[in-house]
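# Secondary and tertiary structure notes
Okay, here's what each chain looks like letter by letter:
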Amino acid sequence: MKLDHLNDRQRQAVTTTEGPLLVLAGAGSGKTRVLTHRIAYLIKDKGVPPYQILALTFTNKAAKEMRDRVNSLIEGDAGSSVWVFTFHGFCVRILQAEIDKLGYQKGFIIYDEQDQQSLIGHVIKDLNLNDKIYSKKMLSSVFSDAKNHSLKPERFLSETSQPDPVIQAYRLYQKRLKEANALDFDDLLLKTIDLFEAFPDVLEKYRDRFHYILVDEYQDTNLAQYHIVSMLAKKHRNLCVVGDDDQSIYAWRGADIRNILEFEKDFEGCTVIRLEQNYRSTSKILDAANEVIANNRGRKAKKLWTAKTGGEDIDVHESDDERDEAYYICSRIANGVRAGARYDNYAILYRTHAQSRILEMMLKSFMIPYRVYGGTSFFSRAEVKDILAYLRLFLNPADDEAFLRVVNLPPRGVGGSSILALMAHAREKELPLMSAAGDPGEMPARIAAKFFPFLDMMAPLYAKLGTMPLSEFTEELLRTIGYDAYLRSDKKENYETRAEIVEELIGYIKEFEASYSDSDGDVLQAFLTNVALFSQADAVQEDNGCVNLMTLHSAKGLEFPVVFLCGMEDGLFPASQSRFDPEKLEEERRLCYVGVTRAKEKLYLSYVRERMLYGQRSSMMPSQFLQEMGNALPVNRSQPKQVFREPPQPKKVQESFHSYTPPKPTSQFTYQPVKAEPAKVQKRDFDGNVGEFVRHKVFGRGQILSISGQGSAKIVEIRFDNGVVKKLAAAFAPLEKES
DNA sequence: ATTTGGGTTGTTTTT
DNA sequence: CAACCCAAAT
């Protein structure tokens, strides 16, 4: 194994194979390289059988990349038998083999956030809780907190003295999950721990097996993950964790920075190696990053340096508003491309998804191909959810959330009251909804009959399941339920887009089953798990010929020659909720650090004076982080604001899911770069004037007091004859001039 | 039963 | 200015 292209520290990190090892790897210091070489070194030079190695990552993409790179380092496909998984994927794998020991069935399904919310909604109803105090949101975050922070959520809840209703709700929630044979995301970790604790022989089995364990992004592990790792590593103690406390950006979802800060205490006699040479960015960029992060307290001492001295100045730009900002960014990109750059050299990073919209519009009018990661992704489209809900019901008829979603979709005359009756009946009999519908007992016949069409339709499909490839089965399913006709009849949204999404999903299933070789598993379950664990970052693909748009969070681990960090304003970034909470502020600052260090050659920082927030214009101040980077920014940065000609009117965004890529290595979904759409004629422009009288379909006659905004954002303020003053969107309100 | 509309929320970030 | 939730209309 040749290691001479590694620097001394990297090589040390690769070859220190025995005992606990903490690698503090600064941004761009070659952490993935170390991990992959370490795995290859273990196999090739140390003769470790690949199946004794376990590597844990946070995203599927990271896992896939690691697998690929290991395989290219060693001949043959020995690398493929290394277990490289995300934490969640690893837990699923174990639970699929062992979960029956915990009283669940093997074909469990994973509830996503929406299912979770909706289930909590039912719990609130059933317990008659005041949903003003105990909202879905509040409860779900408490539950998640409890699960993430503690091995015994119940104990956590009482120790943090949660009010009784919360504890009751928690119990009922867990009970319902179990009845539905479902696990939420946090359960995946928690149940694995439960399993290991309750069945020492099972733990022993895995403990024996994994002689070498590697953990990527260790700074982002939560207590549950920490626990899993330490249980597994207890025997052989060959645990290598790699991370950077400065890049810990997931505390809000339970990541505990102490896991990395106290690793040395937790694993006695551990070796610590610091990787401080950055191979990614120019020193101009790195200086800025070092400046901001220096404002955080309680971090491990380290000083990143780079051999790439100098480089281009960082650009700081002020715009009037977000439209202007978008224009500025687009024109920079257009110039760059004209000068020979590729579109995929560029990334536009922002704090919140909401910021992407205006950027998208402007990119379209510049005819710049782009890709948005995250946001309303393909898998959260209603059509996809519909179909997946059906499929879930086939894997697991106890899935009540899925049942509720599809029982009346397309509409087949099953309404709220029937559902309510069924739910009561099901509760009484302690049956899942599906079974309860098939076993109506003393339910009024009139109501029971409502469910017959649905049941009759499903029954033959159950019989067909498994007799044909999943994709064909899905097509059969869609034909049977008449989904296409439903899409056509639903005039709300345009049929073409939605039909296209259905096609896309079928295509995705085909890809999946083609690459699914393990004949020993249930394809349907594997597929649903794959989808549930699919994440934003997984879709990222370099060299796609597109400008990349994403949140700062999903940018972690990536790098781009040119990075735009936009919306650098107090209240947005750092977010308003974080500004006065020192811990949260530090996390925002780390996020800023992550953002800055994504850039290899050129960094643009931009902020606006005025931005639309909560539906109204508010004036903004430059982010405090800009001040903090001050020394690394060019001195003459109060450049005169560029004056643009009238920026092109952004075209109406054509509804589109901005692409996604299947996680399988071979899959190659073609993505058509978004081409500019011809401007569509907007809704009619209401042309009343102040003082004139108008008639509203509902409110009656009124007088226009003021008009603001323009185009579809035009707002008219009207005092109606009954004295009520309302602000209405001119483009949408049913207004007519009073004659 | 289904649809519509108004009123009410509230926004980080995601495995 | 959304998305979401509930109430009222048909």
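## Regarding the sheet that holds strand β13 (residues 370-372)
A sheet is described by the order of its strands in space; here 6 strands give the open sequence β11-β16-β15-β12-β14-β13, paired in parallel fashion. With one partner strand each, in any of the chains shown, β11 (315-319) and β13 form the two edges of the open sheet. Strand-to-strand twist across the sheet, computed as the mean angle between neighbouring axes with direction ignored, equals 20 degrees. The sheet contact formed by strand β12 (residues 346-350) and strand β15 (residues 560-565) spans 4 bridges and is parallel. For Tyr346, the partnering residue across the bridge sits in β15 and is Val562.

## Things to note about the sheet that holds strand β8 (residues 271-275)
Strand order across the open sheet formed by 6 strands is β3-β2-β6-β7-β1-β8, with parallel pairing between neighbours. Where the open sheet ends on each side, the last strands, each with one partner, are β3 (83-86) and β8. Between one strand axis and the next, the sheet turns through 15 degrees on average, direction left out of account. In the packing of helix α3 (residues 60-73) onto the sheet, the strands contacted are β2 (53-57) and β3, and the crossing angle to β3 comes to about 165 degrees.

## Describing the protein's contact with DNA strand B
Taken together, 30 residues surround DNA strand B, and among them Phe58, Lys137, Arg351, Gln577 and Tyr614 come closest. When the atoms of DNA strand B within 4 Å of the protein are sorted by group, sugar and phosphate make up 57%. At 2.9 Å, a side-chain N or O of Asn408 approaches a phosphate oxygen of DNA strand B. A distance of 3.4 Å separates a phosphate oxygen of DNA strand B from a polar backbone atom of Val414. A class-by-class count of the residues in the surface near DNA strand B yields 9 nonpolar, 14 polar and 7 charged.

## Details of the packing of aromatic side chains
The geometry of an aromatic ring pair is captured by two quantities: the separation of the ring centres and the angle between the planes. Taken as a whole and assessed by the stated rule, the structure comprises 23 aromatic pairs. Arranged with centres 5.4 Å apart and planes meeting at 70 degrees, the rings of Phe512 and Phe527 form a pair that is edge-to-face. Residue Phe512 is found in helix α25 (residues 495-515), and its partner Phe527 is found in helix α26 (residues 523-532); the two are separated by 15 residues along the sequence. Accessibility expressed as a relative area gives 4% for Phe512, which makes it buried. In this structure Phe527 comes out as buried when scored by relative accessible area, which is 0%. A cation sits over an aromatic face here: Arg93 above Trp83, 5.2 Å from the ring centre. The lysine or arginine in question, Lys602, covers the ring of Tyr604, its NZ or CZ lying 5.1 Å from the ring centre.

## Description of helix α19 (residues 416-429)
Under the 1.5 Å per step criterion, the end-to-end length of α19 is 20 Å for 14 residues, consistent within 8% with the ideal 20 Å. Residues of α19 that are buried: Ser418, Ile419, Leu422, Met423, His425 and Ala426. Seen end-on, α19 carries its buried residues on one side only, within an arc spanning 165 degrees. Relative to its buried face, α19 has exposed residues pointing more than 90 degrees away, namely Gly416, Ser417, Leu420 and Glu428. A positive backbone phi angle near 55 degrees is found at Glu430, which sits one or two residues after α19.

## Examining the nonpolar core
Side chains of a nonpolar character, in soluble globular proteins, are inclined to be buried together. Membership of the largest hydrophobic core comes to 82 residues, with the highest contact counts inside it found for Leu391, Phe403, Phe454, Tyr483 and Phe527. Filtering out sequence-adjacent residues up to four positions away, Leu391 remains in contact with Leu470, Phe473, Thr474, Leu477, Ile509, Leu524, Phe527 and Leu528. Ranked by size, the runner-up nonpolar core spans 44 residues in total, among them Leu24, Phe85, Leu203 and Ala224.

## Some words on the environment of Ala382
Counting through the fold element by element, Ala382 comes out in helix α17 (residues 382-395). Here Ala382 falls in the partly exposed class, since its relative accessible area comes to 37%. Taking C-alpha positions, Ala382 is 9.7 Å from Ile501, a pair spaced 119 residues apart along the chain.

## Considerations on the pattern of salt bridges
For the structure on display, the rule yields 56 salt bridges. Notably, a salt bridge pairs Arg427 with Asp126, separated by 2.7 Å at the nearest N-O pair. Of this pair, Arg427 sits in helix α19 while Asp126 sits in helix α5 (residues 113-126), and the two are 301 residues apart along the sequence. A salt bridge links Arg479 to Glu476, with the nearest nitrogen and oxygen atoms 3.1 Å apart. Linking Arg479 with Glu476, this pair stays in helix α23 (residues 470-481), spanning 3 residues, or about one helical turn. Residue classification places Arg479 among the exposed residues on the basis of a relative accessible area of 58%.

About the thresholds
- Residues numbered from 1 in each chain as written.
- Chains lettered and ligands numbered in written order.
- Predicted model: local features only at pLDDT ≥ 70, side-chain atom pairs only at ≥ 80, totals over all residues.
- Heavy atoms only, no water.
- Pairing = 2+ DSSP bridges.
- Helix = DSSP H or I, 4+ residues; strand = E, 2+ residues; numbered from the N terminus.
- Axes fitted to C-alpha atoms, helices over the stretch in contact; angles between N-to-C directions.
- Contact = heavy atoms within 4.5 Å.
- Near = heavy atom within 4 Å.
- Polar contact = N/O pair within 3.5 Å; in protein donor to acceptor, adjacent residues only side chain to side chain.
- Nonpolar A, V, L, I, M, F, W, Y, C, P; charged D, E, K, R; others polar.
- Phe/Tyr/Trp six-rings, centres within 6.5 Å; stacked < 30°, edge-to-face > 60°.
- Buried < 20%, exposed > 50% of the residue type's maximum accessible area, 1.4 Å probe, protein only.
- Lys NZ or Arg CZ within 6 Å of the ring centre and 35° of its normal.
- Expected span 1.5 Å × (residues − 1).
- Arc of directions from axis to C-beta.
- Core = buried A, V, L, I, M, F, W, Y, C linked by side-chain atoms within 4.5 Å.
- Salt bridge = Lys/Arg side-chain N within 4 Å of Asp/Glu carboxyl O.

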